[in-house]
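# Reading the structure
Here is what each chain is made of, one letter per residue.
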Amino acid sequence: MKQAKNIILLLLLLILSASYGYAQFKPATEMTPDEKELFKHSLDAFKEEEFIVSLQGFSQLLSLYPREPVFNFVYGASMINLSTDIKKSFDYLKFAVGKGIPEANFYIGLGYQYLYDFENAIVYYDEFKMATKSKIWKEYDVDKYIGQANSGKDLIRYAYELKVTSNRQTLRDNFYYSYELKDFG
């Protein structure tokens, strides 16, 4: 009997912990069934790193609910991941931070890193770490990004003027197509 209670308690804890990750991205806004479906589809796209689909879905949701923090967060994070109007994405992400979504600090830091502003990137990564638990740090691998930003600061120190000659977005699977590999055996 006692063993059955322990198993039931363990199952209950597993269910609650599994739903916690999804619950943090649950909007407070009441939506129609179609809007809920669009939200679920767009959030799934974001989690699967299909940022164009995510951006389009959350753009529609934001047009209906511009003050919803979750929509602002995922829309801004999608913009960062697509390198689309990074400075404008900060408005969405800072709104989300102000409404209690500290994960937005990570994406603000990432945006600054993409803009080669490594000092501000580190500031926002540190704010992310202070506002979240170490389990979430590992999920976002924030220490790797802090290391990259510190390396960027060191490299920029020796450059008089950083000039990006080409910056383009590619799919992960097509990353190596950007390089001329015929000279490498």
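Structure shown above.
Criteria and thresholds
- Residues numbered from 1 in each chain as written.
- Predicted model: local features only at pLDDT ≥ 70, side-chain atom pairs only at ≥ 80, totals over all residues.
- Heavy atoms only, no water.
- Helix = DSSP H or I, 4+ residues; strand = E, 2+ residues; numbered from the N terminus.
- Buried < 20%, exposed > 50% of the residue type's maximum accessible area, 1.4 Å probe, protein only.
- Contact = heavy atoms within 4.5 Å.
- Core = buried A, V, L, I, M, F, W, Y, C linked by side-chain atoms within 4.5 Å.
- Axes fitted to C-alpha atoms, helices over the stretch in contact; angles between N-to-C directions.
- Left-handed = near helix turned anticlockwise from the far one by under 90°.
- Nonpolar A, V, L, I, M, F, W, Y, C, P; charged D, E, K, R; others polar.
- Salt bridge = Lys/Arg side-chain N within 4 Å of Asp/Glu carboxyl O.

In this section: the side chain of Asn-81. Within the secondary structure layout, Asn-81 lies in helix α4 (residues 69–81). Note on Asn-81: relative accessible area 16%, which makes it buried. If near-sequence neighbours (up to four positions away) are discounted, Asn-81 is found in contact with Phe-46, Phe-51, Tyr-107, Leu-110 and Gln-169.

The subject of this paragraph is the nonpolar core. Membership of the largest hydrophobic core comes to 44 residues, with the highest contact counts inside it found for Phe-73, Phe-106, Tyr-107 and Tyr-125. Within the residue set of this core, elements represented by two or more residues are α2 (33–47), α3 (51–64), α4, α5 (86–98), α6 (103–114), α7 (118–131), α8 (134–140) and α9 (142–157). With eight residues, the single largest contributor to this core is α4. Discounting residues that sit within four places of it in the chain, Tyr-107 has contacts with Phe-46, Phe-73, Ala-77, Ile-80, Asn-81, Leu-93 and Tyr-140.

What follows covers the packing of α3 against α4. Following both chains from N to C, one finds α3 and α4 inclined at 145 degrees, their axes separated by 9 Å at the closest point. Handedness of the α3/α4 crossing: left-handed. Where α3 abuts α4, its residues Phe-51, Ser-54, Leu-55, Phe-58, Ser-59, Leu-61 and Leu-62 lie against Phe-71, Asn-72, Val-74, Tyr-75, Ser-78, Met-79 and Asn-81. Looking at side-chain class alone, the contact of α3 with α4 contains nine nonpolar, five polar and no charged residues.

Inspection of every chain in the model, using the stated rule, returns five salt bridges. Two residues, Lys-153 and Glu-119, come together in a salt bridge whose shortest N-O distance is 3.6 Å. Pair noted here: Lys-153 is in helix α9 and Glu-119 is in helix α7, with a separation of 34 residues, a long-range link. Here Arg-157 and Asp-154 are joined by a salt bridge, their closest N and O atoms 3.2 Å apart. Within this pair, Arg-157 and its partner Asp-154 are both found in helix α9, separated by three residues, close to a single helical turn. Taking the relative accessible area as the measure of exposure, Arg-157 reaches 55% and is therefore exposed.

None of this, on its own, says anything about what the molecule does.
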